[in-house]
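Reading the structure
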Amino acid sequence: MYAIVNIAGQQFKVAKDQYLFVHRLQGDEGASIEFDNVLLAEDAGKFTVGAPTIEGAKVSATILSHLKGDKVIVFKKKRRKGYKKKNGHRQQFTKIQITGISL
């Protein structure tokens, strides 16, 4: 059984006991959260497609940790002008574990 769910503006294909890194979510570590934006669900070969979402379907997850991604260097340069800017960025992520899918 799997589902395609919208989490923080991104779509993920999730299954039970799967680990995911999503954009930073509100909540403490160890807290359980539910997502109700289920777009598609598959159960034993039977597909359910929402228009746009499936009524009453939920995906439950547990927040495992909050962390930062790898550093991304943003470098801007204009040749022959002496203009150089160097900037860095680290995206905030939340690691979650899918605990169940209910239709």
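In the block above lies the structure referred to throughout.
Since we're looking at a predicted model, the values are computed, not measured.

1. Some words on the pattern of salt bridges
Summed over all chains, the structure comprises two salt bridges. Residue E34 pairs with K58 through a salt bridge whose shortest N-O separation is 4.0 Å. Here E34, found in strand β4 (residues 32-35), pairs with K58, found in strand β7 (residues 58-78); they are 24 residues apart in sequence, far enough to count as distant.

2. Focus on the sheet that holds strand β5 (residues 38-43)
On the basis of which strands lie adjacent, the open sheet formed by four strands has the order β2-β1-β5-β6 and antiparallel pairing. Across the chains shown, the open sheet's two edge strands, defined by having one partner strand only, are β2 (10-15) and β6 (46-49). This sheet shows a mean twist of 20° between the axes of neighbouring strands, independent of strand direction. Bridge count for strand β1 (residues 2-7) against β2 is six bridges, and the pairing is antiparallel. Bridge pairing links I4 to K13 in β2.

3. What to know about the sheet that holds β7
Taken in spatial order, the four strands line up as β3-β8-β7-β4 in an open sheet, and their pairing is antiparallel. The strands lining the two open edges of the sheet, one partner per strand, are β3 (19-23) and β4. Across this sheet, the average inter-strand angle for adjacent strands is 45°, counted without regard to direction.

4. Describing the nonpolar core
One finds I7, V14, L20, F35, V59 and I96 to be the most contacted residues of the largest nonpolar core, which totals 20 residues. Mapped by element, the contributors of at least two residues to this core are β1, β2, β3, β4, β5, β7 and β8 (83-102). Not counting chain neighbours up to four residues away, the residues in contact with V14 comprise Y2, A3, V5, L20, V59, I98 and I101.

5. So, the packing of aromatic side chains
Scanning the entire structure with this criterion turns up zero aromatic pairs. Above the ring of Y83, the side-chain terminus of K78 is found at 5.5 Å from the ring centroid. A cation sits over an aromatic face here: K95 above Y19, 5.1 Å from the ring centre.

Rules used throughout
- Residues numbered from 1 in each chain as written.
- Predicted model: local features only at pLDDT ≥ 70, side-chain atom pairs only at ≥ 80, totals over all residues.
- Heavy atoms only, no water.
- Salt bridge = Lys/Arg side-chain N within 4 Å of Asp/Glu carboxyl O.
- Helix = DSSP H or I, 4+ residues; strand = E, 2+ residues; numbered from the N terminus.
- Pairing = 2+ DSSP bridges.
- Axes fitted to C-alpha atoms, helices over the stretch in contact; angles between N-to-C directions.
- Core = buried A, V, L, I, M, F, W, Y, C linked by side-chain atoms within 4.5 Å.
- Buried < 20%, exposed > 50% of the residue type's maximum accessible area, 1.4 Å probe, protein only.
- Contact = heavy atoms within 4.5 Å.
- Phe/Tyr/Trp six-rings, centres within 6.5 Å; stacked < 30°, edge-to-face > 60°.
- Lys NZ or Arg CZ within 6 Å of the ring centre and 35° of its normal.

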